[in-house]
Every structure is written in structure tokens, then in C-alpha cells.
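Residues per chain, in single letters:
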Amino acid sequence: MLSGGICSIMVHRFSVRSLCGFYDLERLYSEFVTVLSDQRIKAIELDLSLVTFLTPEAVLALLCIGRLWFNSRGSAVSLTSIDSQAHQYLDRVNLFKRCGTYFETKQEIVEPWGRSNSANLLEITSVSSEPEANSQAVYGVYRKASSLLLGRVENRRMQAACDLLNVVRENITHSQDSGYVLMQSYSTGNGYRIHIGIADLGLGIPTTLRARYPNLGKGSAYLLKSLEMGVTSRDGLGGLGLYNVNRIVRGQQGSLTIRAGDSMLQIYGNKVYLYDHLTYIPGTQVYMTIWGNHDLVRWNYLLQSR
């Protein structure tokens, strides 16, 4: 998916060919971590000319990369040759305004998106790990999310979305890192499909659970454990908020993906898929889709789909 080279001033340039599924995101992570490990490289440029379709999953993956690069090098990732449709979407989710520390571009957007036209979108929202600030931010997320979901999904599915957003309050507090939330509603032939994503670069679910459940083995086993009722971290501040999400997603059309460290769990079609030994990315990413007829042409839900 990526190609690139290192010039004399140690800038690594590579082209992102697609971000239409978890397979593409994993390849992006793999290539990025390879570049990150080379301390000679001081700057990177991502060519997005071939990326025409983005989802919350793809945007949050880019945000993880931007944050990791900034934490390591103290500079922003440069986005170049951005496809006009992708550029409009990145503007629409407020990537450059809310995450300008991590990304830069010299490219002018052809047609900025009107904020008044974003009723089907919850833009990138930062959530602090500090409890009081966390509660205030989560309240705002709940309010916006409820407005977005109302009339688009059934009450049970709204509850699944709210339970997933509870992960913000619980998991990000435990993670010791700020997190980001992004939500998008897509029209389908028979209704709507909702994508919800939450990502941080903190401790990660396996680390927060390992002290209390020390003998589960691989990271994916801890991700599976996090779906059980009443599972808590060692400080006993409450569950991870994923039990009801799992129950509702598995009982209806939808999918759930949890990625932490080098492990991933995916639930799709009422089946559970576990992966280990992936590229290590700190923290936890949780993605859920609810409702909708799944448009597999535009988004591949399973990592093993290729």
C-alpha cells in the first residue's frame, strides 16, 4: 500500500493507496512503525492523492500516527496531494483545526465544508484522562451523539452506542492518555449505518487488566475478557463498558473491533475473530458499526478480508 524513499534531508515520503478496511490500516501501521524506528528520519510526508474514501476508523488511525510521530520527533506529519474529496472530509471532521499540532498541509481546500451541513457527523472530539474534565467532555459527546442517532437507529442500538461511548469515561480515564471520539452516519438503501470510533495512546486494555487477571496469556485473550460482565481493572473503578455493546452488536447487524497493543478482536456476523502479533500501536482503539446494510465494497470490516 505504501511506497517511499529517504532523501538527503532525511524526509520519508510515501503514498497511501487505500484506507478502505482494517487490512489497509494494518499495512499503514506496519509501514509507519518501520519509518518511526529509523531515528535518521526527521520528517515524513503522506501522499493522499489515491485516498478518496475515509471513515472514522481511517481518520483515527491517521490521528494515532500523527500523535506517535509528534511524540517521537516533536514535529507534524505533512499531508500532501490530498484528493479533493478526502480533503473535504478531513476538513469536515476538523482534523486540521482540532489536531493541527499533529498534521500540516500547504494545500488549499477546494470547497470547505459548511459546518451547518454536518448533522450526520460528530467531529473529532478530544476527551481528557483527568476525571473531572473527562466527565465534562463525555457529557458533550453524549449530547451530540444522541442528536445524531435520534431517528436513525432503534432504541436498543442507541443504547449500544451510548454504552460504547461509556468506554470514553472508563477506559480513557484508566489509560493515562487523552482520547479522541469520531462518529459518522451513512445513508444506506434501507436506512442508516453508524460508525463510532474511540482511540487513545495510553496503557491499553491488556495492560489495565493484566494485574487483576494475570494468567490469560495473549493480548487478544484480554480483549475477549473485556467483553464479560463486571470485568474491571485493578483499581476497581468499574467495568470497561463493553459488555452491553458486545451483546447488542452480536444480536443484530453490526460489527465491533477492539485493537490494543499488538492484538485485535473483531465481532462480525455473530462470530469472534482474534489476532495477535500485529504491529504494536500503544493504547486502545474501539470501533463499532450498527444498523445498516454493510457496504463491503467501500469498507472491509474484517482484517482477514483479503
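The following refers to the structure shown. On a predicted model such as this, the values are computed, not experimentally measured, just so you know.

## What to know about the nonpolar core
Judged by nonpolar contacts, the single largest core of 57 residues is most densely connected at L19, L46, L54, L79, F103 and I124. Looking at this core element by element, the count peaks at 10 residues for helix α2 (residues 56-73). Here L46 is in contact with F14, V16, L62, V77, S78, L79 and T80, once residues within four sequence places are set aside. One finds L227, V231, M288 and I290 within the second-largest nonpolar core, a separate group that totals 27 residues.

## As for the packing of aromatic side chains
Scanning the entire structure with this criterion turns up five aromatic pairs. Each ring, one from F22 and one from Y287, has its centre 5.9 Å from the other, and the planes form 50°; the classification is tilted. Placement of the pair is F22 in helix α1 (residues 22-36) and Y287 in strand β12 (residues 281-291), with a sequence separation of 265 residues. Residue F22 is classed as buried on the basis of its relative accessible area, which comes to 4%. Over the aromatic face of Y222 sits the side chain of R210, whose NZ or CZ is 4.7 Å from the ring centroid.

## Digging into the side chain of T55
If you trace the backbone, T55 turns up in the loop between β3 (43-47) and α2. Judged by relative accessible area, which is 0%, T55 ranks as buried. In this structure the side chain of T55 is engaged in a polar contact, spanning 2.8 Å, whose partner is the side chain of E57. Look past the residues within four positions of T55 in its chain and what remains in contact with it is Y89, Y186, H195 and W299.

## As for a nonpolar patch on the surface
A surface patch of nonpolar side chains, about 210 Å² in accessible area, is lined by L224, V272 and L274. If you trace the backbone, V272 turns up in strand β11 (residues 271-275).

## What about the pairing of strand β7 (residues 179-188)?
In terms of burial, β7 is largely enclosed, as nine of its 10 residues are buried. Relative to β7, strand β6 (residues 121-127) runs antiparallel, the two being bridged by five bridges. Note that in β7 the partner of S126 across the bridge is Y180.

## Quick look at the side chain of S255
Within the fold, S255 resides in strand β9 (residues 254-261). For S255, a relative accessible area of 6% gives the class buried. Looking at S255, its side chain comes within polar contact range of the side chain of T289, at 2.6 Å. Apart from residues no more than four positions distant in its own chain, S255 is found in contact with V249, I267, Y268, Y287, M288, T289 and Y301.

## Re the environment of M264
Among the structural elements, M264 can be located in strand β10 (residues 263-268). Note: C-alpha distance between M264 and T284 (20 residues apart in sequence) is 9.6 Å. For M264, the contacting residues outside a window of four places in its chain are F22, E26, S220, L223, T257, I258, R259, Y273, L274, Y275, L278 and L303.

## Quick look at the pairing of β3
Within a regular strand, the side chains alternate between the two sheet faces. Here β3 shows a buried face lined by I44 and L46 and an unburied face lined by A43, E45 and D47. In terms of handedness, the path from strand β2 (residues 11-15) via α1 over to β3 forms a crossover that is right-handed. Taken together, β3, α2 and strand β4 (residues 77-80) constitute a β-α-β crossover, and its handedness is right-handed.

## What about the pattern of salt bridges?
Taken as a whole and assessed by the stated rule, the structure comprises four salt bridges. One salt bridge in this structure joins R259 and E26, with 2.7 Å as the shortest N-O distance. A residue pair is termed long-range when its members are at least 10 positions apart, and R259 in strand β9 and E26 in helix α1 qualify at 233 residues. Taking the relative accessible area as the measure of exposure, R259 reaches 3% and is therefore buried. A salt bridge links K225 to E228; its shortest N-O distance comes to 3.1 Å. Taking the relative accessible area as the measure of exposure, E228 reaches 39% and is therefore partly exposed.

## Observations regarding the environment of S72
Its location among the elements puts S72 in helix α2. Given a relative accessible area of 38%, S72 falls into the partly exposed group. A C-alpha to C-alpha distance of 7.9 Å links S72 and L36, two positions 36 residues apart in sequence.

Conventions used here
Residues numbered from 1 in each chain as written. Predicted model: local features only at pLDDT ≥ 70, side-chain atom pairs only at ≥ 80, totals over all residues. Heavy atoms only, no water. Core = buried A, V, L, I, M, F, W, Y, C linked by side-chain atoms within 4.5 Å. Buried < 20%, exposed > 50% of the residue type's maximum accessible area, 1.4 Å probe, protein only. Helix = DSSP H or I, 4+ residues; strand = E, 2+ residues; numbered from the N terminus. Contact = heavy atoms within 4.5 Å. Phe/Tyr/Trp six-rings, centres within 6.5 Å; stacked < 30°, edge-to-face > 60°. Lys NZ or Arg CZ within 6 Å of the ring centre and 35° of its normal. Polar contact = N/O pair within 3.5 Å; in protein donor to acceptor, adjacent residues only side chain to side chain. Patch = residues over 30% accessible without salt bridge, like charges linked within 9 Å, V, L, I, M, F, W, Y side chains within 5 Å. Areas by Shrake-Rupley, 256 points an atom, 1.4 Å probe, with all protein chains shown as cover. Salt bridge = Lys/Arg side-chain N within 4 Å of Asp/Glu carboxyl O. Pairing = 2+ DSSP bridges. Right-handed = clockwise from strand over helix to strand, strands pointing away.

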